[in-house]
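# Remarks on the overall topology
Read off the chains here:
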Amino acid sequence: DNIPEAIVQKIAPYIAREDFDPAAIRKASVACEALCMWTRAMYKYHHVAKAVEPKRKLLADAEASLEITMSKLRGAQAELKGVEDKIAELEANYIEAVDKQAK
């Protein structure tokens, strides 16, 4: 995540070269093949990470917004539960009063 853009620009010409290929370099040195593979991987990772970073920020914003909305929903659900409990209590009182009046 911390590869400076200047470094990426400096290695770009090497990445583009046809002879900077792990298979081709292996003929000269196995150690250099590993370095070539690592350099290519870091170059690719840099570009992928650069493309993904705005999406990570959008995700973080969306998750924060979701948490705020869920908090409001929990508050509304608690309020609804209170109203439903009050309605159930009033219905019970009404039924009790009707039964009492019928007797």
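Just so we're clear, the structure is a prediction, and the values are computed from it rather than from any experiment.

### Some points on the pattern of salt bridges
Under the defined criterion, the tally for this structure stands at 6 salt bridges. Among the ionic pairs, Lys50 bridges to Glu5, the shortest N-O distance being 3.6 Å. Of the two residues, Lys50 sits in helix α3 (residues 30-102) while Glu5 sits in helix α1 (residues 5-16), which places them 45 residues apart along the sequence. Between Arg17 and Asp19 there is a salt bridge, with its nearest N and O atoms 2.6 Å apart. Take Asp19: its relative accessible area is 44%, and that puts it in the partly exposed class.

### Concerning the confidence of the model for the protein
Per-chain confidence: the protein averages 95 in pLDDT, with 100% of residues scoring 70 or above. Per-element averaging of pLDDT across the protein places helix α2 (residues 22-26) at the bottom with 93 and α3 at the top with 96.

### Some points on the environment of Gln9
The topology assignment puts Gln9 in helix α1. Taking relative accessible area as the criterion, Gln9 reaches 53% and is therefore assigned exposed. In this structure the C-alpha to C-alpha distance between Gln9 and Tyr43, which are 34 residues apart in sequence, comes to 9.6 Å.

### Some details on α3
Its axis deflected by about 30° at Val52, α3 carries its strongest bend there, up to four residues before the proline Pro54. Buried positions along α3 lie against α1 and α2. N-capping of α3 is provided by Ser29, with a side-chain oxygen placed 3.3 Å from the backbone N of Ala31.

So, how was this worked out
- Residues numbered from 1 in each chain as written.
- Predicted model: local features only at pLDDT ≥ 70, side-chain atom pairs only at ≥ 80, totals over all residues.
- Heavy atoms only, no water.
- Salt bridge = Lys/Arg side-chain N within 4 Å of Asp/Glu carboxyl O.
- Helix = DSSP H or I, 4+ residues; strand = E, 2+ residues; numbered from the N terminus.
- Buried < 20%, exposed > 50% of the residue type's maximum accessible area, 1.4 Å probe, protein only.
- pLDDT = per-residue confidence, 0-100.
- Bend = angle between axes of the 7 residues up to and from the residue.
- Contact = heavy atoms within 4.5 Å.
- Polar contact = N/O pair within 3.5 Å; in protein donor to acceptor, adjacent residues only side chain to side chain.

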